[in-house]
Amino acid sequence: SLTLTLATPDLTPTAFTAPASATTQQSIALSWTVANQGAGAAQPTWSDYIYLSTDAVYDTGDTYVTVVHGTTAVAAGESYTRTPTVTVPNVPAGNYYLLLRADHWGNVYEANETNNTQAIPITITTPDLTPTAFTAPANATTQQSIALAWTVTNQGPGVAKPTWSDY
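In this text, all values refer to a predicted model and were calculated from it rather than measured experimentally.

Undergrad: An account of the overall build of the chain is requested, with residue identities and associated values reported.
TA: Scanning the chain from N- to C-terminus turns up zero helices and 12 strands. Counted from the first residue to the last, the chain has its helices and strands arranged as β-β-β-β-β-β-β-β-β-β-β-β. Over its C-alpha atoms the chain spans a radius of gyration of 24 Å, topping by over 25% the 15 Å that the globule rule assigns to 167 residues. Its C-alpha atoms put the chain at 100 × 30 × 25 Å along the principal axes. Within the span of the chain, comprising 167 residues, buried residues form 35% of the whole. Counting contacts in the chain only where the partners sit at least 6 residues apart, residues at least 24 apart contribute 69% of the total.

Laid out in structure tokens, this is it:
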């Protein structure tokens, strides 16, 4: 028999940044760093997930934002940084947390599986498109073309992206 010493990795988020506020459907830049604080190398079998949550704790009710897959091994004591641009989900306005979950599915056996999540607060705003004026002729006949005019005002704090239709 031979003695075999196994060294396990420990992927731990050490930095996570995002804007303090954003509007639904807005593209925002995220940045995070994950360090391997364990004694062994982490092979590229993991995925980092980002969720939007109403609290700083991950659960199945949180809203998926994006996933970034591990692409290279991370030696003990080394780290990696990711900088994706993501779209803020369409959620009600309010105070939320962005959750980074390194090795979300637990594909890497780690020395400590309880230190894989980091949360940062973010305030989400939404637009509020409201018709404020509408004009049409008082009379018309069938099959007659008529001129219509209307004004829509964004009464909310969030920017309305050009993806809506007025009917």
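Undergrad: Tell me about the packing of aromatic side chains, and name the residues and values.
TA: This structure, assessed with the given rule, holds eight aromatic pairs. Geometrically, the ring pair formed by Trp 46 and Tyr 80 is tilted, given 5.5 Å between the ring centres and 35° between the ring planes. Taken together, the positions of Trp 46 in the loop between β4 (31–36) and β5 (47–53) and Tyr 80 in strand β7 (residues 79–82) put the pair 34 residues apart, joining distant regions of the chain. As far as the burial class goes, Trp 46 and Tyr 80 line up, both buried. For the pair Tyr 49 and Trp 105, a centre-to-centre distance of 6.1 Å together with 90° between the ring planes defines the contact as edge-to-face. Note that Tyr 49 is positioned in strand β5 and Trp 105 in the loop between β9 (94–101) and β10 (117–125), a separation of 56 residues in sequence. For Trp 105, a relative accessible area of 57% gives the class exposed.

Undergrad: Explain the environment of Ala 41 to me, using residue names and the numbers behind them.
TA: Within the secondary structure, Ala 41 is located in the loop between β4 and β5. With a relative accessible area of 41%, Ala 41 lands in the partly exposed category. Residues Ala 41 and Val 152, 111 residues apart in the sequence, show an inter-C-alpha distance of 57 Å.

Undergrad: Break down the sheet that holds β4 for me, with residues and values.
TA: If you walk across this open sheet you meet the three strands as β1-β4-β7, and the pairing is antiparallel. At either end of the open sheet lies a strand with only one pairing partner, and these are β1 (11–17) and β7. Pairs of neighbouring strands in the sheet enclose a mean axial angle of 20°, with direction left out of account. The pairing of β4 with β7 spans four bridges and is classified as antiparallel. By the bridge assignment for β7, Ala 35 is matched with Ser 79.

Undergrad: If you had to explain the nonpolar core to someone new, which residues and values would you point to?
TA: Within soluble globular proteins, side chains that are nonpolar tend to cluster in buried spots. Trp 32, Ile 50, Leu 98 and Ile 122 are the most contacted members of the largest nonpolar core, which has 26 residues in total. Secondary structure elements with two or more residues in this core: β1, β4, β5, β6 (63–69), β9 and β10. In contact with Trp 32, other than residues within four places in its own chain, are Ala 15, Phe 16, Asp 48, Ile 50, Val 68, Tyr 80, Thr 81, Arg 82, Pro 84 and Leu 100.

Undergrad: Break down the environment of Arg 82 for me, citing the residues and quoting the values.
TA: Within the secondary structure, Arg 82 is located in strand β7. In this structure Arg 82 comes out as buried when scored by relative accessible area, which is 16%. For Arg 82, the residues in contact, after removing those within four places along its chain, are Leu 30, Ser 31, Trp 32, Val 68, His 69, Gly 70 and Thr 71.

Undergrad: So what's going on with the pairing of β9? Residues and values would help.
TA: Of the strand pairs in this sheet, β5 and β9 are connected by five bridges, and their pairing is antiparallel. The residue of β9 that forms the bridge with Leu 52 is Leu 98.

Undergrad: Give a description of a nonpolar patch on the surface that names residues and reports values.
TA: A cluster of nonpolar residues, Leu 129, Phe 134, Ile 146, Leu 148, Trp 150, Val 152 and Trp 164, forms a patch on the protein surface that exposes about 680 Å² of accessible area. Position of Ile 146 among the secondary structure elements: in the loop between β11 (129–135) and β12 (149–154).

Undergrad: For the sheet that holds β10, give the residues involved together with the corresponding values.
TA: Pairing is mixed across the open sheet formed by five strands, whose spatial order is β2-β10-β9-β5-β6. Whereas interior strands pair on both sides, the edge strands pair on one side only; in this sheet they are β2 (21–23) and β6. Neighbour-to-neighbour, the strand axes of this sheet turn through a mean angle of 30°, independent of strand direction. The sheet contact formed by β2 and β10 spans three bridges and is parallel.

What counts, and where the lines are drawn
Residues numbered from 1 in each chain as written. Predicted model: local features only at pLDDT ≥ 70, side-chain atom pairs only at ≥ 80, totals over all residues. Heavy atoms only, no water. Helix = DSSP H or I, 4+ residues; strand = E, 2+ residues; numbered from the N terminus. Rg over C-alpha atoms; globule rule 2.2 N^0.38 Å. Buried < 20%, exposed > 50% of the residue type's maximum accessible area, 1.4 Å probe, protein only. Contact = heavy atoms within 4.5 Å. Phe/Tyr/Trp six-rings, centres within 6.5 Å; stacked < 30°, edge-to-face > 60°. Pairing = 2+ DSSP bridges. Axes fitted to C-alpha atoms, helices over the stretch in contact; angles between N-to-C directions. Core = buried A, V, L, I, M, F, W, Y, C linked by side-chain atoms within 4.5 Å. Patch = residues over 30% accessible without salt bridge, like charges linked within 9 Å, V, L, I, M, F, W, Y side chains within 5 Å. Areas by Shrake-Rupley, 256 points an atom, 1.4 Å probe, with all protein chains shown as cover. Salt bridge = Lys/Arg side-chain N within 4 Å of Asp/Glu carboxyl O.

All we've got here are geometric facts, nothing functional implied.
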